[in-house]
Amino acid sequence: MKWKETEDVRDYDSEARNLIRPLSNSQCYDLYDIVLKKIKMSNSDRRDKELSAVKKAIENRNNIDKYRLKSIMAGYQSSMAQDARPKDGQTDVNRKRV
């Protein structure tokens with residue numbers, strides 16, 4: 001007998017709420033960042049439902065900073081922040097010591 005897709009009867013929202021319940025706020029922000037990166041990848045339908053449920057559960061958490069979530073979602077808007085290299089911060093010109 002071949003494996004076939006069974007009807008999905010899981011409650012993703014309650015699973016996601018139970019997942020984030022013991023987490024601190026900083027851990028929720030980190031998880032939110034991970035979830036946003038994973039949602040952009042190609043996933044199965046089940047995985048997409050799981051990720052969107054976790055995202056929604058974090059957004060609906062009562063003591064979470066909405067503005068911080070928005071900034072995590074938007075990322076850095078300037079090109080300087082995205083394209084920066086370590087040598088860009090060095091303002092002194094390297095001169096040979098004589």
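Every chain is numbered independently, its residues counted from 1 as its sequence is written. Whole-chain, interface and lining totals are the exception, using all residues; otherwise, since this is a predicted model, local features are given only for residues with pLDDT of at least 70 and side-chain atom pairs are given and counted only at 80 or more. In computing side-chain values, all of the structure's heavy atoms are included and hydrogens and water are not.

**Regarding the environment of Tyr-32**
Turning to its location among the elements, Tyr-32 is positioned in helix α2 (residues 25-40). The buried label goes to any residue with under 20% of its type's maximum accessible area, the exposed label to any with over 50%, and the partly exposed label to all in between, with areas taken from a 1.4 Å probe on protein chains only. Here Tyr-32 falls in the buried class, since its relative accessible area comes to 1%. Each C-alpha atom of the pair Tyr-32 and Val-54 lies 8.0 Å from the other, and the pair is 22 residues apart in sequence. In contact with Tyr-32, other than residues within four places in its own chain, are Lys-55, Ile-58, Glu-59, Leu-69, Ile-72 and Met-73. To qualify as a helix, a DSSP run of H or I must reach at least 4 residues; to qualify as a strand, a run of E must reach at least 2; elements of each kind are numbered from the N terminus. Residue contacts follow a heavy-atom distance rule, with two residues in contact if any of their heavy atoms lie within 4.5 Å.

**Description of the confidence of the model for the chain**
On a scale of 0 to 100, pLDDT captures the predictor's confidence in every residue. On average, residues of the chain score 84 in pLDDT, and 84% of them are at 70 or above. At the level of individual helices and strands, the chain shows its lowest average pLDDT in helix α5 (residues 79-83), which scores 71, and its highest in helix α3 (residues 45-59), which scores 93.

**Things to note about the pattern of salt bridges**
Here, a salt bridge means any Lys or Arg side-chain nitrogen found within 4 Å of an Asp or Glu carboxyl oxygen. With the rule as written, the count across this model stands at 5 salt bridges. With a closest N to O distance of 2.8 Å, Arg-10 and Glu-15 form a salt bridge. The class of Arg-10 is partly exposed, set by a relative accessible area of 34%. Through salt bridges with shared partners, one network takes in Arg-10, Glu-15, Arg-47 and Glu-50.

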